[in-house]
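# Reading the structure
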Amino acid sequence: MPTDRRHAHLAGPVPALSARGVSKCYGSTIALEHVDLEIMPGKVVGLLGPNGAGKSTLMSLIAGLLRIDSGEIEVWGHSVARNPRPARRDLGLAPQTLGVYPSLTVRQNLRFFADMAGLRRSLSRSRIEELAESLGLAPLIERRVFQLSGGEQRRVHTAMALLHRPRLVLLDEPTAGVDVETRTRLIDHVRGLAATGTAVCYSTHYLPEIEALDCEVAVLHQGRIVAQGQVAELLRRYGDAALELVFSGAAPHLDLPWPVIRQGDVLKVQADQPELATARVLTALGEEVERLLTMRVLRPSLDSVFLRLTGRRPDDEAGTEQAVVEPERARAARHG
């Protein structure tokens, strides 16, 4: 049921996003199955998962571009299905595929989307200048979009979703294929949005961005959220620490009190405190120590968490080619 705002002070703060039991199928293919996700005001949630996990489908459902099969989605207490207009008013979506007018200038693109959002001309001008400065578009404001680099076009694309100052922002792979400057500016801008109370759902394959944002993480795999929590919590629960040894020739068989993985010339000893296992491992090697080339301690990382939860590495998912698409599609994505 929608949140009754007259009694919100009794029930606590209204979530910017509340998704409960959300399911979506495409024919016999299950895209999402009983997904629960909540984002509070001023919080950033990093949405991780392999290609095909359901991340873009979830964002499209939140934005009202797709109809859910079952469950409930509310944006700031408004049902996306039953009360879509106020829900969409509070929401900004920058989908994964670029949606810009290549032949128009940056200013013209932003002004067009500001007009579609219903901003008055004076307010439109100030918002455009504000975003252009924040996202490094000010020197490019009079250039036609087709003249910009991929990273610069991505900044224009993201700025369009932010012009009306939505209180919930959905960013689907906002830094796919971009340069370092664009990545840095977008991360800084997301931090600034959260600091002003905006809630952000941030989908990415670049795990260093999640670490830089120090945000809560939700991991989607095969249409389900398989883990959720702060980065430190996920590292503690799912991160693998190990002692890695590389040999000349095949790695030897060792009798140790810890799990051991042999892969060709590499041997990994999984232990909560691998540095304390060093002496025991070296003793167990015996004469095989003469074939030991290198030994290092592997600390838990988001990469290892991702691999353990999904069976795939995040760098296998990155680098999806992007294209400039029909502006009508982008217009539908932002304003239903």
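Described below are features of the structure shown in this document.

Quick notes on the rules
- Residues numbered from 1 in each chain as written.
- Predicted model: local features only at pLDDT ≥ 70, side-chain atom pairs only at ≥ 80, totals over all residues.
- Heavy atoms only, no water.
- Pairing = 2+ DSSP bridges.
- Helix = DSSP H or I, 4+ residues; strand = E, 2+ residues; numbered from the N terminus.
- Axes fitted to C-alpha atoms, helices over the stretch in contact; angles between N-to-C directions.
- Contact = heavy atoms within 4.5 Å.
- Buried < 20%, exposed > 50% of the residue type's maximum accessible area, 1.4 Å probe, protein only.
- Phe/Tyr/Trp six-rings, centres within 6.5 Å; stacked < 30°, edge-to-face > 60°.
- Lys NZ or Arg CZ within 6 Å of the ring centre and 35° of its normal.

Spatial ordering of the open sheet is given by E12-E13-E11-E14, a layout of four strands whose pairing is antiparallel. Edge positions in the sheet fall to strand E12 (260-263) and strand E14 (292-298), since each has one partner strand and no second. Averaged over all pairs of adjacent strands, the angle between strand axes in this sheet comes to 15°, irrespective of strand direction. In the packing of helix H10 (residues 278-285) onto the sheet, the strands contacted are strand E11 (242-247), strand E13 (266-270) and E14, and the crossing angle to E11 comes to about 30°.

Take the side chain of Asn109 next. Relative to the helices and strands, Asn109 is located in helix H4 (residues 106-116). Its relative accessible area of 0% is what places Asn109 among the buried residues. Setting aside residues up to four positions removed in sequence, Asn109 forms contacts with Val100, Tyr101, Leu104, Val145, Val156 and Met160.

Bringing the packing of aromatic side chains into the picture now. Two aromatic rings, taken as a pair, are described by how far apart their centres are and by the angle between their planes. All chains considered together, the criterion is met by two aromatic pairs. Measuring from ring centre to ring centre gives 5.4 Å for Tyr101 and Phe112, while their planes differ by 85°; the resulting arrangement is edge-to-face. One end of the pair, Tyr101, is in the loop between strand E6 (91-94) and H4; the other, Phe112, is in helix H4, with eleven residues separating them in the sequence. The class for Phe112 is partly exposed, based on a relative accessible area of 29%. Arranged with centres 5.6 Å apart and planes meeting at 85°, the rings of Phe112 and Phe113 form a pair that is edge-to-face. Taking the relative accessible area as the measure of exposure, Phe113 reaches 1% and is therefore buried. Taken together, the ring pairs in this structure connect Tyr101, Phe112 and Phe113 into an aromatic cluster. For Arg167, the ring lying beneath its charged end belongs to Trp76, and the centroid distance is 3.9 Å.

Distances and angles like these do not, on their own, reveal function.
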